[in-house]
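# Notes for the structure review
Residues per chain, in single letters:
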Amino acid sequence: MDLSIRKLSIIAFSIIYALVILGLSYLGNTFIASGVAVFGSLFLYLLIAFIMRTRDVSEFYVAGRSIGAIPIGSSIASNWMSGASFVSMAGAIALLGFDGLPYIIGWTLGYCIAAFMIAPFIRKSGTYTIPEFIEVRASYWSVARLIGVIMLFIVSFTYLVAQLVATGVIVGRFLGLPAILGAIIASVIVVAFAGSGGWKSIVWVNVAQYWILIVAYWCAFLGAAYVAGIFNPWPHVGYGELLTQLETRETFFNLKAFTEPFVRAFGGGTGHVNWLLSALCLMLGTVGLPHVLSQFYLVKDVRTARYGVGWGLTFIALLYITAPVYAILARSAFSGAWGMPVDQVINLSWVQKWLPTGLIKVMDMNRDGLLQPSELSFHNDIVVVGMPDMFGLPWFFTTIVAIGGLAAALSTANGLIMVMAVGATRDIYKRFINPNASERKEIWIGRAMLVILSAVSSVLGARALEDPTFSTYVALLVGWAFVFAAASFTPIVILGIFWKDLNKYGMIAGMICGMITALPYVLGVGLYGTAPLTIFGSKIGTIAWGSIAFLVNMIAAFLASIVTGGRRRNTQEVINFIETLKTPE
């Protein structure tokens, strides 16, 4: 299909899509209009995936290495900003105040390191996947690639389950469908995206999803900021007065100030050391996320990779600099109810809407008839999705937020499931089972793997939603993916590029020791209630532990490489490979 016809098809569908929604809303059918808007966005993504379909193995695996700087920047941003960034991050900051900043600090700094120190070298390596890069760097030792695939699946499955749960919750909340059904629908849709054209389809779907999610995020934000009166001259500048009023109310009710540091738990831990190690882990984990690193394989050349990551950082910043203002707006709305009669609070329109969901709880525990701060609790997911209701914005703002949240969750799920499918196909089937497979068969095996992985991940997502205890750790799932990435890939990728003495034994030792350090602690402390360790007076939570696992990986890789002969164990081909990575084009 000619490119111009493809563009016209997308434009025509978008116009019809908008006209149908406007017509339904004009007739007063706002509920149906909301449903059409949400499901229509899914059909838009399917249309893009279909018209970008391919049978070429290079386009399936790496989009033909043909993506330009601005499109790859948009794709990187949407792949990076998951449902956690869109839905939960502002809520976490609203709940934790200063102590929630490791999310912004760690993820932003980590992306900068990945973008400017890792991306160009990954692109120049000429490999297709991170496990393949590891095998080449390990003197073509197949064991290293196999272990790399295992690590890839641990990281990606952890992250993917969180995205399917987020999608299920969004679908259930806005369309009245069971959350489990929403998770299954998300899996089916992602397979349709990826199966039609692999990375070539996914990258262009991600481009559309980025612009949809960022417009949705800013629409609700600007509407709420206008109602709150913080355009002085712009919300990011004028929210200081709102923050002052909030902290005055918190002081009146004997609460810790929103900006007071190191007074709230983060990731199951407390104290200065936990805060610093958590930020460090999220930064290090970002560098090793397979679905983020895989984006760097899709661009035309190293120069495009550098410009692309610059655009990606710019696009990501549009959301990240806005999340703290979101948090202040939401916290201010909640604090406005403190001291009001409980009966009056329950009758507030936005409280009435969210009480049945269980995401807001109002309890007059001391039975004095007045609402105390401790008697109003809220789930962090409500901060973004509930913002239009808190500030009395029209119904379509809520719908726009729902569409944006779905775009954010699906865009990350796209990349995650594709990374695993490519790992199973190219790194397992093509490498070990049938090296002589034709391109046609290779693509069909890839599509079959997408279906299998989708089925497994949807079962895991459904199981998570059914578990009544899951709500206690769902917010940490994304953080744990960063822990596992920091424990496995990050040290090996960094050392593999910049330290010639790293050899295949060091690479294997590092990945195994790092994951053995991370996995039991995360499961024990995060799921089974084991008491966290204390370091320098701080309780070390599961996310902070990722920094320890990273250090263990580095030390194990260093010692094993030195003991086994260092660079003497590397072939001349590997030495040349490292030199080529660093040679300017």
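Residues numbered from 1 in each chain as written. Predicted model: local features only at pLDDT ≥ 70, side-chain atom pairs only at ≥ 80, totals over all residues. Heavy atoms only, no water.

This part covers the overall build of the protein. If you tally the helices and strands in the protein, you get 25 helices and four strands. Here the protein has a C-alpha radius of gyration of 24 Å; the compact-globule value for 585 residues is 25 Å, and the two agree. Dimensions of the protein, computed from C-alpha atoms along their principal axes, come out at roughly 75 × 65 × 45 Å. For the protein, the residues scored as buried account for 59% of the 585 residues in total. Considering only contacts within the protein whose residues lie at least 6 apart along the sequence, 82% involve residues at least 24 apart. (Helix = DSSP H or I, 4+ residues; strand = E, 2+ residues; numbered from the N terminus. Rg over C-alpha atoms; globule rule 2.2 N^0.38 Å. Buried < 20%, exposed > 50% of the residue type's maximum accessible area, 1.4 Å probe, protein only. Contact = heavy atoms within 4.5 Å.)

So, on to the confidence of the model for the protein. In the predicted model, the protein carries a mean pLDDT of 84, and 92% of its residues have values of at least 70. Taken element by element, the predicted model of the protein shows its lowest mean pLDDT in helix α3 (residues 57–62) (74) and its highest in helix α24 (residues 542–563) (96). Low pLDDT, under 50, characterises residues 468–474; the stretch is placed with eight contacts to residues that sit more than four places away or in other chains. (pLDDT = per-residue confidence, 0-100.)

As a further point, take the packing of aromatic side chains. Tallied over the entire structure, the rule returns 30 aromatic pairs. Ring centres 5.6 Å apart and planes at 80° place the aromatic pair F98 and F262 in the edge-to-face group. Of this pair, F98 sits in the loop between α5 (83–96) and α6 (102–124) while F262 sits in the loop between α11 (240–252) and α12 (271–287), and the two are 164 residues apart along the sequence. The exposure class assigned to F262 is partly exposed, which follows from its relative accessible area of 27%. Plain terms: the ring middles of F153 and F157 are 6.0 Å apart, the flat faces sit at 50° to each other, and that makes the pair tilted. (Phe/Tyr/Trp six-rings, centres within 6.5 Å; stacked < 30°, edge-to-face > 60°.)

Their axes nearest at 7 Å, the elements α6 and α12 cross at an angle of 35°. As α6 runs across α12, the sense of the crossing is right-handed. Along its contact with α6, which presents P102, Y103, I105, G106, W107, L109, G110, Y111, I113, A114 and I118, the element α12 presents W275, S278, A279, L282, M283, T286 and V287. Broken down by class, the residue content of the contact of α6 with α12 amounts to 14 nonpolar, four polar and no charged. (Axes fitted to C-alpha atoms, helices over the stretch in contact; angles between N-to-C directions. Left-handed = near helix turned anticlockwise from the far one by under 90°. Nonpolar A, V, L, I, M, F, W, Y, C, P; charged D, E, K, R; others polar.)

In this section: helix α14 (residues 302–320). For α14, which comprises 19 residues, the first-to-last C-alpha distance of 26 Å matches the rise-based estimate of 27 Å (1.5 Å per residue) to within 8%. All of the buried residues along α14 are V302, T304, A305, G308, V309, G312, L313, F315, I316, L319 and Y320. (Expected span 1.5 Å × (residues − 1).)

Look at the link from N232 to P233: it is a cis peptide, with omega at -5°. Looking at the secondary structure, you find P233 in the loop between α9 (179–228) and α10 (235–238). Notably, N254 is not glycine yet its phi reads approximately 60°, a positive angle. Within the fold, N254 resides in the loop between α11 and α12. In the Ramachandran plot, R367 falls in the positive-phi region, its phi being about 55° despite a non-glycine side chain. A relative accessible area of 75% places R367 in the exposed class.

Moving on to the pattern of salt bridges. Taken as a whole and assessed by the stated rule, the structure comprises nine salt bridges. Notably, a salt bridge pairs R145 with E132, separated by 3.8 Å at the nearest N-O pair. Here E132 lies in helix α7 (residues 130–137) and R145 lies in helix α8 (residues 142–175), a separation of 13 residues in the sequence. We classify R145 as buried; its relative accessible area is 5%. Judged by its relative accessible area of 12%, E132 is buried. The shortest N-O distance in the salt bridge between K500 and E579 comes to 1.9 Å. Of this pair, K500 sits in the loop between α22 (474–498) and α23 (504–527) while E579 sits in helix α25 (residues 572–582), and the two are 79 residues apart along the sequence. Its relative accessible area of 34% is what places E579 among the partly exposed residues. Look at the salt bridges and you will find they share partners, linking E132, E135, R145, R426, D427 and R431 into a network. (Salt bridge = Lys/Arg side-chain N within 4 Å of Asp/Glu carboxyl O.)

Turning our eyes to something else, we now look at the environment of Y17. Within the secondary structure layout, Y17 lies in helix α1 (residues 3–26). Y17 sits in the buried class, given a relative accessible area of 17%. With 24 residues separating them along the chain, Y17 and S41 place their C-alpha atoms 8.4 Å apart. Look past the residues within four positions of Y17 in its chain and what remains in contact with it is V36, A37, G40, S41 and I403.

Let's shift gears to the environment of V385. Along the chain, V385 turns up in helix α18 (residues 382–385). Sequence spacing of V385 and S88 is 297 residues, and the spatial spacing of their C-alpha atoms is 9.4 Å.

One pass over the full model with this rule turns up zero disulfides. C112 takes part in no disulfide bond, and the closest cysteine sulfur, belonging to C281, lies 17 Å away. A relative accessible area of 23% means that C112 is categorised as partly exposed. Cysteine C513 shares no disulfide, and the gap to the nearest cysteine sulfur, in C281, comes to 18 Å. (Disulfide = S-S within 2.5 Å.)

To continue, consider the packing of α23 against α24. The contact between α23 and α24 brings their axes to 7 Å, and the two run at 160°. In terms of their interaxial angle, α23 and α24 are classed as roughly antiparallel. Like other packed secondary-structure pairs, α23 and α24 cross with a definite hand, here right-handed. Partitioning the contact of α23 with α24 into residue classes produces 14 nonpolar, eight polar and no charged. (Parallel < 35°, antiparallel > 145°, perpendicular 65-115°, else oblique.)

Turning to the side chain of S75, a few remarks are in order. With respect to the helices, strands and loops of the structure, S75 is situated in helix α4 (residues 69–80). Within the local environment of S75, its side chain forms a polar contact with the side chain of Q295, the two groups lying 2.8 Å apart. (Polar contact = N/O pair within 3.5 Å; in protein donor to acceptor, adjacent residues only side chain to side chain.)

Judged by side-chain polarity, L8, I11, I15, L19 and L22 come together as a nonpolar surface patch covering roughly 520 Å² of accessible area. Along the polypeptide, L8 turns up in helix α1. Overall, L8 belongs to the exposed group, its relative accessible area being 57%. (Patch = residues over 30% accessible without salt bridge, like charges linked within 9 Å, V, L, I, M, F, W, Y side chains within 5 Å. Areas by Shrake-Rupley, 256 points an atom, 1.4 Å probe, with all protein chains shown as cover.)

For the structure on display, the rule yields three cavities of 30 Å³ or more. Space inside the largest cavity adds up to approximately 70 Å³. Lining the largest cavity are Y61, Y128, T129, I130, P131, L152, W199, P290, S294, V419 and V422. Elements that contribute at least two residues to the lining of the largest cavity include exactly α7 and α20 (395–433). Taken together, the residues of the lining of the largest cavity break down into nine nonpolar, two polar and no charged. (1 Å grid on protein atoms, 1.4 Å probe; cavity = no way out; pocket = protein on both sides within 12 Å on 5 of 7 lines; lining within 4 Å. Points joined across faces, edges and corners; volume = space filled by probe spheres on them.)

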